[in-house]
Amino acid sequence: MQLNHDTRWALDDVVDLLNTAPDGEAPDTLTSVEELRAYVERNRISHSGRLGEDDLREVRAVRERLAEAFAAPDTRTAAGLINSLVAEAGTTPQLTDHDGYDWHVHHFAPGASLAQQLAADGGMAMAFVIVSGERDRLRRCAAPDCGRAFVDLSRNRSRRYCDSRTCGNRLHVAAYRARQRESSGDGAPAR
Ligand SMILES: [Zn+2]
Ligand SMILES: [Zn+2]
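A few points on the structure.

About the cut-offs
Position numbers for residues start from 1 in each chain and track the written sequence from start to end. Starting at A for chains and at 1 for ligands, labels are handed out in the order in which the entities are written. pLDDT decides what is reported in this predicted model: residues at 70 or higher carry local features, side-chain atom pairs at 80 or more are listed and counted, and totals for whole chains, interfaces and linings draw on all residues regardless. Side-chain metrics in this entry use all non-hydrogen atoms of the structure; hydrogen atoms and water are not considered. Angular values range over 0 to 180 degrees, each being the angle between N-to-C directions of two axes fitted as lines to C-alpha atoms, with helices fitted over their stretch in contact. Only DSSP runs of H or I reaching four residues or more are called helices, and only runs of E reaching two or more are called strands; each is numbered from the N terminus. For this classification, under 35 degrees means roughly parallel, over 145 means roughly antiparallel, 65 to 115 means roughly perpendicular, and everything else is oblique. Crossing handedness is read from the near helix: turned anticlockwise from the far helix by less than a right angle, it gives a left-handed crossing, and turned clockwise, a right-handed one. Throughout, a residue-residue contact means that at least one pair of heavy atoms, one from each residue, lies within 4.5 Å. Under the convention adopted here, Pro, Cys and the residues Ala, Val, Leu, Ile, Met, Phe, Trp and Tyr are nonpolar, Asp, Glu, Lys and Arg are charged, and Gly plus all remaining residues are polar. Metal-coordinating donors are taken as N, O and S atoms lying within 2.8 Å of the metal, or within 3.2 Å when the metal is Na, K or Ca; because water is left out, some sites can appear incomplete. Partly exposed describes any residue whose relative accessible area lies between the buried limit of under 20% and the exposed limit of over 50%, with all areas from a 1.4 Å probe on protein chains only and scaled to the type maximum. In this scheme the shape depends on donor count and angles: four donors with every angle between 85 and 135 degrees give tetrahedral, four or six donors with opposite pairs above 155 degrees and others between 65 and 115 give square planar or octahedral in turn, and any other case is irregular. As used here, the arc is the angular range of directions from the helix axis to the C-beta atoms. Two rings from Phe, Tyr or Trp (for Trp, the six-membered ring) form a pair when their centres are within 6.5 Å of each other. A pair whose planes differ by under 30 degrees is stacked, one over 60 is edge-to-face, and the rest are tilted.

1. With respect to the packing of helix H3 (residues 53-70) against helix H4 (residues 75-88)
Next up, step 1: Two numbers describe how H3 lies on H4: the axes approach to 8 Å, and their chain directions differ by 155°. The angle between H3 and H4 falls in the class roughly antiparallel. Considering only the axes of H3 and H4, their crossing is left-handed. Counted together, Arg 65, Leu 66, Glu 68 and Ala 69 of H3 and Ala 78, Leu 81, Ile 82, Ser 84, Leu 85 and Glu 88 of H4 form the full contact between these two elements.
Next up, step 2: Residues belonging to the contact of H3 with H4 are distributed by class as follows: 6 nonpolar, 1 polar and 3 charged.

2. A short note on the coordination of the zinc ion (ligand 1)
Next up, step 1: Summarising the metal site, the zinc ion (ligand 1) is bound by the protein donors His 98 (NE2), His 104 (NE2) and His 106 (NE2), whose distances to it range over 2.0 to 2.1 Å.
Next up, step 2: The motif formed by the donor residues of the zinc ion (ligand 1), counted along the single chain, is H-x5-H-x1-H.
Next up, step 3: Taking the relative accessible area as the measure of exposure, His 104 reaches 8% and is therefore buried.

3. Points about the coordination of the zinc ion (ligand 2)
Next up, step 1: Every protein donor of the zinc ion (ligand 2) is accounted for by Cys 141 (SG), Cys 146 (SG), Cys 162 (SG) and Cys 167 (SG), and the metal-donor separations fall at 2.2 to 2.4 Å.
Next up, step 2: Seen from the zinc ion (ligand 2), its 4 donor atoms lie at angles of 106 to 117°, and the figure they make is tetrahedral.
Next up, step 3: Residue classification places Cys 162 among the buried positions, given a relative accessible area of 14%.

4. Overview of helix H2 (residues 33-42)
Next up, step 1: All buried positions along H2 are accounted for by Val 33, Leu 36, Tyr 39 and Val 40. Along the long axis of H2, the arc covered by the buried residues comes to 115°, so they all point the same way. Set apart from the buried face of H2 by more than 90 degrees, the exposed residues are Glu 34 and Glu 41.
Next up, step 2: Arg 44 sits one or two residues past H2 and shows a positive phi near 50°.

5. Examining the environment of Ala 89
Next up, step 1: Assignment of secondary structure puts Ala 89 in the loop between H4 and strand E1 (94-96).
Next up, step 2: Expressed as a C-alpha distance, the spacing of Ala 89 and Gln 116, which sit 27 residues apart in the sequence, is 4.6 Å.
Next up, step 3: Setting aside residues no more than four positions away along its own chain, Ala 89 makes contact with Gln 116, Ala 119 and Ala 120.

6. Points about unusual backbone geometry
Next up, step 1: For Arg 44, which is not glycine, the phi torsion reads 50° and is therefore positive.
Next up, step 2: Along the polypeptide, Arg 44 turns up in the loop between H2 and H3.
Next up, step 3: Exposure remark for Arg 44: the relative accessible area of 70% places this residue in the exposed category.
Next up, step 4: Residue Asp 99 is not a glycine yet carries a positive backbone phi of 50°.
Next up, step 5: Assignment of secondary structure puts Asp 99 in the loop between E1 and strand E2 (104-106).

7. Topic: the environment of Gly 49
Next up, step 1: By secondary structure assignment, the location of Gly 49 is in the loop between H2 and H3.
Next up, step 2: The class for Gly 49 is partly exposed, based on a relative accessible area of 38%.
Next up, step 3: Here the alpha-carbon distance between Gly 49 and Ser 113, two residues 64 residues apart in the chain, equals 7.4 Å.

8. Focus: the packing of aromatic side chains
Next up, step 1: Counted under the stated rule, the structure contains 1 aromatic pair.
Next up, step 2: Seen from their ring centres, Trp 9 and Tyr 101 are 5.5 Å apart, and the 65° between their planes marks the pair as edge-to-face. Residue Trp 9 is located in helix H1 (residues 5-18), and its partner Tyr 101 is located in the loop between E1 and E2; the two are separated by 92 residues in the primary sequence.
Next up, step 3: Judged by relative accessible area, which is 42%, Trp 9 ranks as partly exposed.
Next up, step 4: A residue is classified by how much of its surface remains accessible, and Tyr 101, at 34% relative accessible area, is partly exposed.

Rendered as C-alpha cells:
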C-alpha cells in the first residue's frame, strides 16, 4: 500500500487513539486531561492550544466515531461515517513545513481544536486507505484476549496480531507447547 508519511502518521494516531478505549480486561486510558496530554506527546501531535475537559470529552467522542468507521461492516458505511466526521471537523487542506518537517498537508483548519484535528487528519487518512481499496488492512488483533486495532502494512496483508513480539509470539508459544504435548503422548488417544 502506497502511503505517504502524513497518512501513515495519522493512521498511527488513529490506532493509538482506538487502543485507549476499554477492551475486555484493558481499562480506558483516556479518562483525564493528563492522559489526553500523554496521548498527544507520545504521538508527537503538533497541537499548540491548551487542553482542557472540553477537549477530553470531544476527543473521546471522536474516538468513538473513528472506532465505528474502523469496524464498519462495509465500505459504503465506512465512507458515510468518515464523510460526516471530516465535514463536521471543518476540514481545510493546508500545505505546511512546520517544525523542520518536509512539506506535507494538514487537513484540519488553522486554530482547530484537538478533536477537530484528529477527526480531520484521522478521517482523511482512513479516506485514503479506502480510496486505495485497502480497507481490509484496518484490523483488530486476532489473539483471543486482545482485539487491539492495528493497520496491516505487510506486503501480502498477512498480519493478524497487533504486535508480533507479544500477541503473535504468545500464540506461537501456545501452539508449540500443544504440539510438544501431542508428540510426547500426553494428548494422544487411548489405545
Ligand atoms: Zn504536520
Ligand atoms: Zn494483540
